[in-house]
2 protein chains.
Amino acid sequence: MHIKNKIEVCFSPAVFQYYKDSNAIVVVIDILRATSAICNAFQNGVEKLIPVKTIDEAREYKKKGYIVAAERDGYVLDFADFGNSPFNFTEERVKGKTIVYSTTNGTQAIQMAESCYMVVIGSFLNLSYLCNWLVKQERDVLLLCAGWKNKFNLEDSVLAGAISEKLIATNNYSTMCDSAVASLDLWSLAKPDILGYIDKAAHRTRLREKGLDDVLEFCHTPDSANVIPVLENGFLVEIGKRHIK
Amino acid sequence: MHIKNKIEVCFSPAVFQYYKDSNAIVVVIDILRATSAICNAFQNGVEKLIPVKTIDEAREYKKKGYIVAAERDGYVLDFADFGNSPFNFTEERVKGKTIVYSTTNGTQAIQMAESCYMVVIGSFLNLSYLCNWLVKQERDVLLLCAGWKNKFNLEDSVLAGAISEKLIATNNYSTMCDSAVASLDLWSLAKPDILGYIDKAAHRTRLREKGLDDVLEFCHTPDSANVIPVLENGFLVEIGKRHIK
């Protein structure tokens, strides 16, 4: 019998402890906007990202001379160089650089999964590239949605469904996880018109109210980035450039 | 402008703290099988249910002479009179009685919401009756899915969608909650064939493996019960019989 690898989906960092699997590859998803920005940063050649949890840590790094991308609730922090819009991570700004990165939800989800087998970053930007890579690893996959302040969110769940669909289509994965089933179903509804579907999402409204919704189309467009950002010793690097191979 | 009441859906007791609203009516949902059993018990005339969290509490009540319904992971505890299959709560057994009730997920969700404005019990059994009653209360509604050991589950989320749909159809409710939107979408997929849809759920498989899946059809059939079980001073009573009116 062909033993398939398992897919699970965790809808909130607050329930991660119930899904945690130290042998799984964890894919952290925070579509609006952390993991989209991270993928774009690596696509544009950033050398290393240092994810930090607190504003104080980000400020300390700034004092030491680091470039800092930091925001809370969608607003750029006063001491930061820029916020977490993917559009900030231009080649000109980031190529070959090390950048400190702190956001509302994304960073915390990344650090939370640190003890698992491997933590990689997922977004629509690297959807196909990530799935092709995952399949080669022949391991269980846990999709960790960053959500919004520990609440479920629609856009992260929909991408979890898109990733699950691609993995299951290879016939090497199966799932007995209800949240994976729900993600697949939500993705089936969203797929024909992703932006139209995501228009229902609460965070879409929050971003619009702050004039930050310019990134929506970019963040929901598949396959602009051929990168797998991976967590290594607390830093994010491109998978080809990590030291532990 | 007509101010609508708010609907929110919480997919797991583990994230309840992020959704908690002391002014809302909380509807606890644990389709397989706690809240279905509770509704059936009240439909069959039980006087009072005492929800208890731990096995030890249930055992203490048993020693004092109470009738005890208790299970863990779908198995009846050795000292209990019966488990939490809705079919156990026959009129003959429960009419006019006080029964102690402990289950894996449901009881904990009920007690967790105790500090909110009101806690009522929802299931497919009392779907229409509950929604008609909710609409008259003119209050925000928080649908709390008991889930499975703090994980998301499909059947509870689908009922949350069914309740949300009925409330929104009255034009007196709206939602900005992504999990409510997801529930509505999952319900839209499940509605044409609820049992067929729920066949995908993990807990359906768990029950089948234990030979406990005889309740599936009953637990997913709307409107067999015209009752609103409500939490009052730590006990569940029928809403018409509570002392605080």
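What counts and how
- Residues numbered from 1 in each chain as written.
- Chains lettered and ligands numbered in written order.
- Predicted model: local features only at pLDDT ≥ 70, side-chain atom pairs only at ≥ 80, totals over all residues.
- Heavy atoms only, no water.
- 1 Å grid on protein atoms, 1.4 Å probe; cavity = no way out; pocket = protein on both sides within 12 Å on 5 of 7 lines; lining within 4 Å.
- Points joined across faces, edges and corners; volume = space filled by probe spheres on them.
- Helix = DSSP H or I, 4+ residues; strand = E, 2+ residues; numbered from the N terminus.
- Nonpolar A, V, L, I, M, F, W, Y, C, P; charged D, E, K, R; others polar.
- Contact = heavy atoms within 4.5 Å.
- Buried area = accessible area lost by both parts, 1.4 Å probe.
- Salt bridge = Lys/Arg side-chain N within 4 Å of Asp/Glu carboxyl O.
- Polar contact = N/O pair within 3.5 Å; in protein donor to acceptor, adjacent residues only side chain to side chain.

Undergrad: Could you clarify how one ought to interpret empty space enclosed by the protein in this entry?
TA: One water molecule sets the probe size; rolling that probe over the atoms shows where empty space is left. Residue and element names in this part refer to chain A. All chains considered together, the criterion is met by four cavities of 30 Å³ or more. As a volume, the largest cavity reaches approximately 120 Å³. As for the largest cavity, its lining consists of 18 residues, and the residues nearest its centre are Leu-32, Glu-71, Thr-104, Trp-148 and His-203. Looking at the lining of the largest cavity, the element that brings in the most residues is helix H10 (residues 202–209), giving three residues. In terms of residue class, the lining of the largest cavity is made up of five nonpolar, seven polar and six charged.

Undergrad: Got a minute to help me understand the interface of chain B and chain A in this structure?
TA: Interface size is commonly expressed as the accessible surface area that is lost when the partners come together. Across the contact, 27 residues belong to chain B and 27 residues belong to chain A. Across the chain B to chain A interface the summed buried area is about 2,300 Å²; carbon plus sulfur atoms make up 63%. When the area that chain B buries against chain A is broken down by residue, the three leading residues are Tyr-18, Lys-151 and Asp-178 of chain B, summing to 26%. The interface formed by chain B and chain A contains four salt bridges. Residues Glu-8 of chain A and Lys-151 of chain B are paired through a salt bridge, measuring 3.4 Å at the closest nitrogen-oxygen approach. Our count for the chain B to chain A interface comes out at 12 residue pairs in polar contact (both at pLDDT 80 or more).

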